There are 2 protein chains.
Amino acid sequence: MDTTTLFTKKLAESGYRLTQSRRAIVQALVACGGHITADDLTIKVHEMAPMVGRMSVYRTLELLCELGLARPIYQGTGAAHYILLDGGSHHHLICNRCGLVIEFDHCAADEVGQTLSARFNFQIQSHLLEFHGICTDCQTSSLKGEDVDDKLS
Amino acid sequence: MDTTTLFTKKLAESGYRLTQSRRAIVQALVACGGHITADDLTIKVHEMAPMVGRMSVYRTLELLCELGLARPIYQGTGAAHYILLDGGSHHHLICNRCGLVIEFDHCAADEVGQTLSARFNFQIQSHLLEFHGICTDCQTSSLKGEDVDDKLS
DNA sequence: CTTGCTGCAAAATTTTTGCACGAAT
DNA sequence: ATTCGTGCAAAAATTTTGCAGCAAG
């Protein structure tokens, strides 16, 4: 089952309606792989379904977050980016200097999650692990405050 | 050495000036333990140092993020919250329903960080690990969309 | 049918710029 | 002295609210 189908299915299971707008928004989000601003996603949605309003994008993203399928992150750029939590987890290396984002797969957090789930009686849906530091390029050209914005992933 | 001293020291080491405003902002942020909005931090700073402007708070927070001492997170509340990465790491259990945040200490991410640091030649300063799911209360009163805002930590 | 969802526009917040003055090194 | 940082105000951008009409179940 592809991610779009999984998402729409989860929406239905949770008692939410499967509207045209929500289908289009989920499809666009999955198609671009996440890492997108609410506004940019609106633009992408409009390419396929021009009648969908910006509000529905905001509300659908909020909904996906509640269902544990997405998560807003803030890179200090003024607008939240939404990432997919499809497989249940997401892993980042984030450069504090230029904002570069590297994704990686390896993760040892699952067993920690098991323990926490038991201790706090918390039903875990997904997790996000971020390492923050300085990327290779910024280490080389280590000029304070020299932001290289066009490296944003 | 307390956190405030550590922060001001890091600022100086990195070639930034230790101004009255920055001292006050760092002090207020550390005093409240992080988890605060830029605007709320401004209010807190004003209690001790009324002459500090909102702009300096924004700029100082951005600076702390670049130095790996803080990190903005987005809880879907319209404004970014800043958390301290003092000890080098931060760990959350976040409820997707009501926004409750539980902090925990245990973490097995350090060894993963070592591996990644080597593989990507990435100089790691800190990390953030978040587990997302449904908290105890929300599991009990599992009414779709029932947000309990006054539980925010 | 009934209730939930949408979309528009306007309002409220939050964040960024520009520039002259003040402060730290 | 020379930069760097500040603070004010205004502008820009992002997000939320309210409400009538449409659509999904």
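Our subject in this report is the structure included herewith.

Observations concerning the protein's contact with DNA strand D
Taken together, 24 residues form the shell around DNA strand D, and within it Tyr58 of chain A together with Arg17, Met51, Ser56 and Arg59 of chain B come nearest. Sugar plus phosphate: this is where 63% of the atoms of DNA strand D within 4 Å of the protein reside. Between a phosphate oxygen of DNA strand D and a side-chain N or O atom of threonine 19 of chain B, the distance comes to 3.1 Å. Contributions of two or more residues to the surface near DNA strand D are made by helix 4 (54-66) of chain A together with helix 2 (20-32) and helix 4 (54-66) of chain B. Classifying every residue of the surface near DNA strand D gives 10 nonpolar, eight polar and six charged.

Things to note about the interface of chain A and chain B
Contact with chain A, which involves 48 residues of that partner, is made by 48 residues of chain B. Here chain A and chain B share an interface that buries about 4,400 Å² over both sides, 60% of which is from carbon and sulfur atoms. Our count for the chain A to chain B interface comes out at four salt bridges. For glutamate 130 of chain B, the salt bridge goes to arginine 71 of chain A, with nearest N and O atoms at 2.8 Å. Linking chain A with chain B are 24 residue pairs in polar contact (both at pLDDT 80 or more). Among the secondary structure elements, those contributing two or more residues to the side of chain A that touches chain B are helix 4, strand 2 (70-74), strand 3 (80-84), strand 4 (89-95), helix 5 (109-120), strand 6 (123-134) and helix 6 (136-140) of chain A. Broken down by element, the residue count for the side of chain A that touches chain B peaks at 12 residues, all from strand 6 of chain A. Looking at the side of chain A that touches chain B, its residues break down into 24 nonpolar, 18 polar and six charged. In terms of strand pairing, strand 6 of chain A meets strand 6 (residues 123-134) of chain B through 11 bridges, oriented antiparallel. Considered in strand 6 of chain B, the bridge of isoleucine 124 of chain A is made with glycine 133 of chain B.

Calculation notes
Residues numbered from 1 in each chain as written. Chains lettered and ligands numbered in written order. Predicted model: local features only at pLDDT ≥ 70, side-chain atom pairs only at ≥ 80, totals over all residues. Heavy atoms only, no water. Near = heavy atom within 4 Å. Polar contact = N/O pair within 3.5 Å; in protein donor to acceptor, adjacent residues only side chain to side chain. Helix = DSSP H or I, 4+ residues; strand = E, 2+ residues; numbered from the N terminus. Nonpolar A, V, L, I, M, F, W, Y, C, P; charged D, E, K, R; others polar. Contact = heavy atoms within 4.5 Å. Buried area = accessible area lost by both parts, 1.4 Å probe. Salt bridge = Lys/Arg side-chain N within 4 Å of Asp/Glu carboxyl O. Pairing = 2+ DSSP bridges.

No statement about biological role is implied by the geometric values presented.
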